[in-house]
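Survey of secondary and tertiary structure
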Amino acid sequence: MKKVVALIMLSAALCAARAQVAGMSTLSVLDMPLSARAAGLGFDYLAVGANDVSLCLGNPSLISESVSGQVALGYVNMFGLANFGSVAYGQHFKHAGSFAFGLQYASYGRFEGYNEYDQPTGSFQAADYVLTIGWGRRVGEHVYIGAALKPVLSHYESYTAFALGIDLAGTYLSADSAFCATVMGRNIGAQIATFDGHVERLPFELSVAGSYRLQDAPFRLMLALTELQRWNLAYEDPLNPTSVRDPFTGEVTKQSEVARILDNAGRHVNVGIELTLGRALFLRLGYSYRQMVEMKAADRFNTSGFSFGIGLRVKGFELSYARNNYHLSQAPNFISVIFGF
């Protein structure tokens, strides 16, 4: 049965579609974007001066009184039978400050169980659940801070694990909201209860994200520097090797040092652009070089690493849709709905 659970855990990591270096972390569900707006730009979280409670779960330093009474619903149909969903709510308390509460689930489908003698043991489900309690406040004219507590429960067949993560963030927002920058430490914590007694690391990440709206221009530029706690994100893919041996001469052609440095640096960078058409319609486009090189198919052109989305905002109601081309054969659809009371 441990082999079955291991396969489920691998499927969960693939469903999260975050190309973590093998063996470095677990619970990749913590890296899933909770907003279709962020997913359309190819980001895990955004640095924008927007009153959007769905963004507050990913970036707690955006939590403010402006999201009080807002509700956000999100849904993603991932790979195969895997489904992700989330609900978020913002509330301001006079003395305690501004909070955002969220619940996220990741269901990986139903499986048929077998014992070591290949005898059926019945069907079972596998799922992860993440509760988020976020708090934020303004500490200066342009500076905001926030923190989020994230208990995580994983239940695969008869195996259960529990983890506790914390996000810490600080944001600078210019007076006209044109420039915004966030420094974030995500998923600080560890497993408390494990599947088999082996404690695994959470997918900790130190990152910086920023956005800038050009004066008199209808678009906002986005940039994120990810995985800053670890420089080397490259690995040798046996299907796309960086070193090639000529079968006739035996000569080995290797990737140059300059190309290797540029390749590794590019894996840390995500870029995006959000175009505003009037006051109600938004178009989004994002690109992740790391996702492209890690998910590309050998000798075939594909759009892995690109994402796009559209948003519609009307009188306190916002509907967003995004599609992220994780792989040639898989491009999940994200849907978010935001409304207020």
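Within each chain, residue numbers correspond to sequence positions counted from 1 in written order. The predicted origin of the model limits local features to residues at a pLDDT of at least 70 and limits the giving and counting of side-chain atom pairs to 80 or more, whereas totals for whole chains, interfaces and linings rest on all residues. Only hydrogens and water are removed before side-chain values are computed, so all heavy atoms of the structure are retained for them.

Thoughts on the overall build of the protein
Think of it this way: any DSSP run of H or I at least four residues long counts as a helix, any run of E at least two long counts as a strand, and we number them from the N terminus. The helix and strand inventory of the protein stands at five helices and 16 strands. Only protein chains enter the accessibility calculation, which uses a 1.4 Å probe; a residue whose area is less than 20% of its type maximum is buried, one above 50% is exposed, and one in between is partly exposed. Here the protein holds 341 residues, and the buried ones make up 45% of them. At a minimum sequence separation of 6, the contacts of the protein that also span at least 24 residues come to 52%. With residues, only the protein chains shown are counted as cover, and all accessible areas are computed by Shrake-Rupley using a 1.4 Å probe. About 17200 Å² of surface is accessible on the protein, with carbon and sulfur atoms providing 62% of the total. Whether two residues are in contact is decided by their heavy atoms, any of which lying within 4.5 Å being enough.

Digging into helix α4 (residues 257-266)
By the burial criterion, the buried members of α4 are D263, N264 and G266. On an axial view of α4, the arc spanned by its buried residues comes to 160°, and they lie on one face. Of the residues in α4, the exposed ones pointing more than 90 degrees away from the buried face are V258 and L262. Looking at the buried positions of α4, the neighbouring elements they touch are β12 (269-277) and α5 (289-295). Think of the arc as the fan of directions from the helix axis to the C-beta atoms.

Looking at the nonpolar core
Buried Ala, Val, Leu, Ile, Met, Phe, Trp, Tyr and Cys residues that are joined via side-chain atoms within 4.5 Å together make up what is termed a nonpolar core. One finds F43, L46, V48, V53, L55, C56 and A100 to be the most contacted residues of the largest nonpolar core, which totals 28 residues. Elements with a minimum of two residues in this core: α3 (53-56), β6 (159-173), β7 (179-193) and β9 (219-225). For this core, the element with the most residues is α3, which contributes three residues. Every residue in contact with C56, bar those within four places of it in the chain, is listed here: L62, I63, V67 and A100. Formed by 24 residues, the second largest nonpolar core is a distinct cluster that contains A36, A39, A126 and V130.

Topic: the pairing of β6
Working note: regular strand, side chains alternate between the two faces of the sheet. At least two DSSP bridges between two strands are required for those strands to pair. Looking at chain direction, strand β5 (residues 143-156) and β6 are connected through 14 bridges and run antiparallel. Each residue of the ladder has a partner; that of G146, found in β6, is A169. Once β5 ends, the chain turns through two residues before running back antiparallel as β6, passing E157 with a positive phi of about 55°. One ladder, built from eleven bridges, connects β6 with β7; its direction is antiparallel. Opposite L173, over in β7, you have C180 as the bridge partner.

Topic: the layout of surface pockets
What the second largest pocket holds in volume is close to 490 Å³. Grid spacing is 1 Å over the protein atoms alone, the probe is 1.4 Å, and a cavity is where that probe fits but cannot get out, while a pocket is an open set with protein on both sides within 12 Å along at least five of seven lines and lining residues have an atom within 4 Å of a point. As for the second largest pocket, its lining consists of 24 residues, of which R37, G49, A50, F282 and R313 are closest to the centre. Those elements that place two or more of their residues in the lining of the second largest pocket are β9, β12, β15 (317-324) and β16 (333-340). Here the lining of the second largest pocket gets three residues from one element, more than from any other, and that element is β16. For this scheme, ten residues count as nonpolar: Ala, Val, Leu, Ile, Met, Phe, Trp, Tyr, Cys and Pro. Four count as charged, namely Asp, Glu, Lys and Arg, and the remainder, Gly too, count as polar. Considered class by class, the residues forming the lining of the second largest pocket number nine nonpolar, seven polar and eight charged. Grid points are joined across faces, edges and corners, and a volume is the space filled by probe spheres set on the points.

Examining the environment of Y129
Along the chain, Y129 falls in strand β4 (residues 120-138). What makes Y129 partly exposed here is its relative accessible area of 39%. C-alpha of Y129 to C-alpha of K150: the two residues are 21 residues apart in sequence and 9.9 Å apart in space.

As for the environment of A163
Inspection of the secondary structure puts A163 in strand β6. A C-alpha to C-alpha distance of 8.2 Å links A163 and L202, two positions 39 residues apart in sequence.

With respect to the confidence of the model for the protein
Scored from 0 to 100, pLDDT records how confident the predictor is in each individual residue. For the protein, per-residue confidence averages 85 on the pLDDT scale, and 86% of positions sit at 70 or higher. In the predicted structure, residues 1-24 sits below a pLDDT of 50 and forms 52 contacts with residues beyond four places in sequence or in another chain.

Digging into unusual backbone geometry
Of note in this structure, S177 is not a glycine but carries a positive phi near 65°. Residue position: S177 is located in the loop between β6 and β7. Note on S177: relative accessible area 24%, which makes it partly exposed. A positive phi is found at N187, a non-glycine position, where the angle reads about 60°. With respect to the element layout, N187 can be found in strand β7.

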